[in-house]
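Working through the structure, step by step
Residue strings, one per chain:
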Amino acid sequence: MRRSTAWAVIFFASTFAFQGFAGAQAPATHVFGYKDFSQQAKWDHAFMEVPSAKLAGEELKTLTAAPHWASSPEDHATALYVAEKFRAAGLHTEIQPFRVWMNRPVTIEIEAFDATGKRLMSGPTPEHVDPKAYGGDPFQDDPRILPAFNGSSPSGDVTADVVYANFGTLEDFKKLASLGVNIKGKIVLVRYGGNFRGVKVYIAQQYGAAGVLIYSDPGDDGYVKGDMYPRGPYRPETGVQRGSVQFLPLYPGDPETPGVASTPELPDSARITDPAKMNQPSIPSNPISYHDASPILEALDGPVSPRDWQGGLPFTYHLGGTGAVKAHMHLVQDYKLRTIWDVVGTIDGTDADQKEDWVVAGNHRDAWVYGAVDPNSGTAAMLEAVHGLGDLLKQGWKPKRRIVIGSWDAEEEGLMGSTEWAEMHAKELAHAVAYFNTDVGVAGPDFDAAAVPSLKEFVRDVTRQVPSPKGGTVYEQWQATQQASPRRRGRTMSAGAPASGEVTIENLGSGSDYTPFIQHLGVPSTDIGSGGPYGVYHSVFDNYNWFIKFADPTFVYEQQQARVFGLEILHMADADVLPYDYRLYGKDVVGYVADAQKQASDAKLKVDFTAASAAAQRFEAAGQKVYALQAAAIAGANETKLNAALRDAESALLNDAGLPRRSWYKHTIYAPGEYTGYAAVVIPGVSEGIEANDGARAQGQLDALAAALNRSATILEGAAK
Ligand SMILES: [Zn+2]
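Residues numbered from 1 in each chain as written. Predicted model: local features only at pLDDT ≥ 70, side-chain atom pairs only at ≥ 80, totals over all residues.

1. Quick word on the overall build of the protein
Counting secondary structure elements, the protein contains 20 helices and 16 strands. Relative to a compact globule of 721 residues, whose C-alpha radius of gyration would be 27 Å, the protein shows 25 Å and is just as compact. Its C-alpha atoms put the protein at 85 × 65 × 55 Å along the principal axes. Expressed as a percentage of its 721 residues, the buried residues of the protein come to 60%. Sequence-distant contacts, at least 24 apart, represent 81% of the contacts inside the protein between residues at least 6 apart. (Helix = DSSP H or I, 4+ residues; strand = E, 2+ residues; numbered from the N terminus. Rg over C-alpha atoms; globule rule 2.2 N^0.38 Å. Buried ≥ 20, exposed ≤ 12 C-beta atoms within 10 Å, placed from the backbone. Contact = placed C-beta atoms within 7 Å.)

2. Things to note about helix α2 (residues 53–63)
Listed in full, the buried residues belonging to α2 are Ala 53, Ala 56, Gly 57, Glu 59, Leu 60 and Leu 63. Each buried residue of α2 sits inside an arc of 165° when the element is viewed along its axis, so together they form one side. Buried positions along α2 lie against α3 (73–88), α8 (372–394), α14 (544–551) and α15 (556–574). (Arc of directions from axis to C-beta.)

3. Some words on the domain arrangement of the protein
According to the domain assignment, the protein contains domain 1 (38–101 + 336–574), domain 2 (104–335) and domain 3 (582–719). Between the C-alpha centres of domain 1 and domain 3 the distance comes to 27 Å. At the junction of the two partners, domain 1 supplies 26 residues and domain 3 supplies 27 residues. It is helix α13 (residues 515–520) that provides the largest number of residues to the side of domain 1 that touches domain 3, a total of three residues. Here the side of domain 1 that touches domain 3 is built from residues that sort into seven nonpolar, 14 polar and five charged. (Domains from an automatic or database assignment. Nonpolar A, V, L, I, M, F, W, Y, C, P; charged D, E, K, R; others polar.)

4. Some points on the environment of Val 564
Structurally, Val 564 can be placed in helix α15. Residue classification places Val 564 among the buried residues on the basis of 27 C-beta atoms within 10 Å. Along the chain, Val 564 and Val 462 lie 102 residues apart, while their C-alpha atoms are 6.6 Å from each other. Ignoring any residue separated from it by four or fewer positions in sequence, one finds Val 564 in contact with Val 462, Thr 463, Val 466, Val 474 and Ile 528.

5. Thoughts on unusual backbone geometry
Here the residue pair Gly 123 and Pro 124 is connected by a cis peptide bond, since its omega of 0° sits within 30 degrees of zero. Following the sequence through the fold, Pro 124 ends up in the loop between β2 (119–123) and β3 (150–151). The linkage connecting Asp 374 with the following residue, Pro 375, adopts the cis geometry, with an omega of 15°. Locating Pro 375 in the fold gives a position in helix α8. Although it is not a glycine, Asn 166 sits at a positive phi angle of roughly 55°. Of note, Asn 166 is situated in the loop between β4 (156–164) and α4 (170–178). Of note in this structure, Ala 410 is not a glycine but carries a positive phi near 50°. Along the chain, Ala 410 turns up in the loop between β11 (403–408) and α9 (416–424). A count of 31 C-beta atoms within 10 Å places Ala 410 in the buried class.

6. Remarks on the environment of Gly 417
One can find Gly 417 in helix α9. On the neighbour-count criterion, Gly 417 (31 C-beta atoms within 10 Å) is buried. Spatially, the C-alpha atoms of Gly 417 and Ser 155 are 24 Å apart, while their sequence positions differ by 262 residues. Aside from chain neighbours lying at most four places away, what touches Gly 417 is Phe 98, Ile 340, Asp 342, His 364, Trp 408, Asp 409, Ala 410 and Glu 411.

7. Remarks on the nonpolar core
Membership of the largest hydrophobic core comes to 215 residues, with the highest contact counts inside it found for Val 188, Leu 189, Ile 296, Val 359, Phe 565 and Ile 569. The greatest single-element share of this core, amounting to eleven residues, is contributed by helix α20 (residues 695–719). If near-sequence neighbours (up to four positions away) are discounted, Phe 565 is found in contact with Ala 361, Ala 381, Met 382, Ala 385, Phe 436, Thr 438 and Ile 528. (Core = buried A, V, L, I, M, F, W, Y, C linked by C-beta atoms within 7 Å.)

8. Describing the pairing of strand β5 (residues 187–191)
Summarising burial for β5: five of the five residues are buried, a large majority. Both faces of β5 are covered, namely the face carrying Ile 187, Leu 189 and Arg 191 and the face carrying Val 188 and Val 190. Pairing analysis gives three bridges linking β4 to β5, with the strands arranged parallel. Each residue of the ladder has a partner; that of Val 163, found in β5, is Val 188. Bridge count for β5 against strand β6 (residues 211–215) is five bridges, and the pairing is parallel. Across the sheet, Val 188 pairs through a bridge with Val 212, a residue of β6. One crossover worth recording links β5 to the parallel β6 by way of helix α5 (residues 197–206), and it is right-handed. (Pairing = 2+ DSSP bridges. Right-handed = clockwise from strand over helix to strand, strands pointing away.)

9. Focus: the pairing of strand β9 (residues 325–347)
Strand direction decides the pairing type here: strand β1 (residues 92–114) and β9, joined by 22 bridges, are antiparallel. Across the sheet, the residue bridging to Ile 108 is Leu 331, located in β9. In this structure, β4 lies alongside β9, joined through six bridges in antiparallel fashion. Across the sheet, Asp 161 pairs through a bridge with Lys 326, a residue of β9. Bridge count for β9 against β11 is five bridges, and the pairing is antiparallel. Within β11, the position partnered with Gly 345 by the bridge is Ile 405.

10. Looking at the packing of α8 against α14
Between α8 and α14, whose axes approach to 10 Å, the crossing angle comes to 80°. On the basis of the axis angle, α8 is roughly perpendicular to α14. Here Ala 372, Val 373 and Ser 377 of α8 lie close against α14, whose contacting residues are Tyr 544, Trp 546, Phe 547 and Ala 551. (Axes fitted to C-alpha atoms, helices over the stretch in contact; angles between N-to-C directions. Parallel < 35°, antiparallel > 145°, perpendicular 65-115°, else oblique.)

11. Some words on the confidence of the model for the protein
Averaged over the protein, the pLDDT score is 93; the fraction of residues at 70 or greater is 93%. pLDDT under 50 marks residues 3–20. Its contacts with residues more than four places away, or in other chains, come to 47 contacts. Across residues 488–496 the pLDDT falls below 50, and counting only partners more than four positions away or on other chains, this stretch makes 37 contacts in the model. (pLDDT = per-residue confidence, 0-100.)

12. Remarks on the packing of α2 against α15
Relative to each other, α2 and α15 sit at 100°, their axes nearing to 8 Å. The angle between α2 and α15 falls in the class roughly perpendicular. Of the residues in α15, those touching α2 at Ala 53, Ala 56 and Gly 57 are Val 556, Glu 558, Gln 559 and Ala 562. Looking at the contact of α2 with α15 residue by residue, the class counts come to four nonpolar, two polar and one charged.

13. A few points about the environment of Leu 248
Structurally, Leu 248 is set in the loop between β7 (243–244) and β8 (285–288). Residue Leu 248 is classed as buried on the basis of its 26 C-beta neighbours within 10 Å. When the C-alpha positions of Leu 248 and Phe 196 are compared, they lie 8.9 Å apart, and in sequence the two are 52 residues distant. Contact partners of Leu 248, with chain neighbours within four places excluded, come to Phe 196, Gly 198, Gly 414, Ser 510, Pro 672 and Gly 677.

The structure is reproduced here in structure tokens:
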């Protein structure tokens, strides 16, 4: 899974295959967080020499040799492979199993008829491209490929009228209601884009739909964008986007164990089994290709759809709901507790006071099918970063803080491996200093990142030290790409956009494994990856053949990704003073509160912002002060106490009670939106209270926000004494 809709479509032709590091950069002499950077600069240099483009390519090929859906024997084989690589690098390595509630498709049948009973389509059509055109696809005929399905969909046998509901956002369903189109008992046909697919089903279910079909419109990632695979990188006619429809904004992980680790030892009595209390839909849904959606959509009558609901198919889209088209969905899902495997490798810390302050980094390993881009481009880069750390260990390097590297399983089903592991280690993670995520590690040449505000400057710093295959540094190329196309992706931008042309780093929403760390446990997190014209997301065609044709033929962006990911880990594990920047955090939060106040007053909602505004300002002032202290401590003083305060300031932003209706989400500043899923909602309790026009709820959440900001400010002020 990944976080947002379309990544960049700018494609830089790179003829310059960068391999070596030596001599490429003048080494950094001063980096925030270090008293004296000279020793670290030597380690950095030694590290940067190790990640190999060639090895990353070989690792990617091995990892993606077979479909490896979570819990399958092929998935287990990839766990053993990753564990072997971790051990070879000198990491203490274990495979941690969990037992999680997961469906595997047994029968998937979708068909449609017109009013006379004439069959319009019968599917799903298997994903397939012409083997004789443009080299075909060598991976598409493997019998282990599962039919395209939705993780978390129930079984069902439904026949009903079809209504077209655009992206299936809350606004889209409201629009249909205002146009007099009733959803109750209908099968809703929606296109990908605009929100997380689980949210499409969440809203359709609230509106009384009987089932949901989610299709990939060629306007989103198909021929409207460019040539289709295998001629080009975009989704071919039969390509389907699989995916989980778990109600992720309620909670992620094993549906039966919110807040509790589903270890093999957990008794079944500790599981919830009432579907109404779980994070899964009660209505069936399935993804389909535009090949299968097109005859349904073309036969719909009724009103012409609003013009911005028109996608890329060559006919006018209508809303339907008139009885002209009936669809039949017959889904049989085999649900049971299945075993998944996280691989976890550690390097012990050596600083007496800080060795238990973990630096955690991770990437998922399971894939819907082959997963060359999502997620194993990230896994290959992670293995090369681990390779680099292993070489440093052999040269005598000893990190201050413990490093923990996770290869998570069953992320695609709903962040299961990471969530269960984080719940298992909640106590230790209460003083973890960072979680670094990568998922879609390399889909092309355009680096991008999301982070908590306190780590945005840290990510900029790290990317200033890594050379880009395009020339210059990763940072410089990132800046150039953003300037060429300033608003490329769907994630929420920071309110406090940086001055002086610095790159904008987005906020963390959801859709990948950082969610349990930041939004449940308050561990400061980042998410990095390199994007491109990626039209085959979650399909059979996200495979090694696509990757070497369209993403990174010489694996130099794999090498870049390994270096950036590795430097994040190295610097966070070794810094004298934790390199968080709370100045920016404070500025962002002051902006969020002001925006919410304006929204509330526009909605004529009676809520009192006095305490929350004062707390936000106090938090900002404390951030300024502590930054000055960090700079001073770097010059001399004992930093252990300061580091503890810096770390605790983030977890102080958690509210134990959690968000209304979704108490697993405890962070008062960031959560995935209840109605967006991927995109971050800032000060979520307050924002969603205002959106729902619920003054009492908004006021309660404002009070909780003020309390959290005051707690955090007190800690930062204490450090500054
Ligand atoms: Zn993924």
